[in-house]
Structures are given as structure tokens and as C-alpha cells.
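Fold and contact review
One letter stands for each residue in the lines below.
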Amino acid sequence: MPNTSEANGEWEHKIESAMDEEDWARALRLARDVARRFPDDPGNFVRLGHLLSELGQQQEALAQFAHAVELDSSSAFCAAEYAWALFDIGNFEKAAKESCRAIAIDDGEPLA
């Protein structure tokens, strides 16, 4: 059985292929499926949040980014993605606080 990162890589490729084909329903179904299969990987919820955001489902996207932060509160990347989602829905005060928190984490991950 492949390890989680290998399995996620395979799923990521499938999701990207669906997006390239503009098959948004399949891409969303795949992203939801990978998040269910690997519920402990915050990156899966960030990916799902991005896809939902692209599809205009901002509130659900926000929930996915928030879940990623719950899974890994020490990830600057997750915090930064959550901050952008908050900004996108107009919650500027909370977005600013989350952005500052992301910067303060300084875990070596790129923030964008």
C-alpha cells in the first residue's frame, strides 16, 4: 500500500486532470473523496478549500480552510490560506489577525 504522501500525489494528479478538463463536478467529488480517505492531512482540506473557492462556494471553502488550521495549528501555510479565505468573504479584521498569526509561526513554509 502506498504511503499517504504517494497516495495524495496520485489523487492530486487526478484532481488536476479533472480541473484541466474543466470537469468541476468530478474535481470536487475527487477532492472530497481524498479528504475523507486521508482526514488527518490538512493539505487535503486546503486543496478542497481552493477548489470550492474557485467554484464560488466561499462559505464552504472557509470551513475547509478552518478545518486545515484545526488539524495543524502550527502550519503557517494553513493559517495564511485561512486568512485569504477570510479576506475573500470580507472578514478583514479576522483575516488580519490570522495573517499576523501565520507570519508569527515562521515554520519555514512559504506562505503563498
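Above this text sits the structure in question.
All figures in this text were calculated on a predicted structure; none of them were measured in a lab.

Bringing the nonpolar core into the picture now. Of all hydrophobic cores here, the largest spans 26 residues; its most connected members are Ile-15, Leu-48, Phe-65 and Tyr-82. If sequence neighbours within four positions are ignored, Ile-15 has contacts with Ala-27, Leu-30, Ala-31, Val-34 and Arg-47.

Before going further, it helps to spend a moment on the layout of surface pockets. Taken as a whole, the largest pocket holds about 160 Å³ of empty space. Around the largest pocket sit Glu-12, Ile-15, Glu-16, Met-19, Arg-47, His-50, Leu-51 and Glu-54, which together line it. Elements represented by at least two residues in the lining of the largest pocket include exactly helix H1 (4-20) and helix H3 (42-54). Among the residues making up the lining of the largest pocket, the classes are represented as three nonpolar, one polar and four charged.

Rules used throughout
Residues numbered from 1 in each chain as written. Predicted model: local features only at pLDDT ≥ 70, side-chain atom pairs only at ≥ 80, totals over all residues. Heavy atoms only, no water. Core = buried A, V, L, I, M, F, W, Y, C linked by side-chain atoms within 4.5 Å. Buried < 20%, exposed > 50% of the residue type's maximum accessible area, 1.4 Å probe, protein only. Contact = heavy atoms within 4.5 Å. 1 Å grid on protein atoms, 1.4 Å probe; cavity = no way out; pocket = protein on both sides within 12 Å on 5 of 7 lines; lining within 4 Å. Points joined across faces, edges and corners; volume = space filled by probe spheres on them. Helix = DSSP H or I, 4+ residues; strand = E, 2+ residues; numbered from the N terminus. Nonpolar A, V, L, I, M, F, W, Y, C, P; charged D, E, K, R; others polar.

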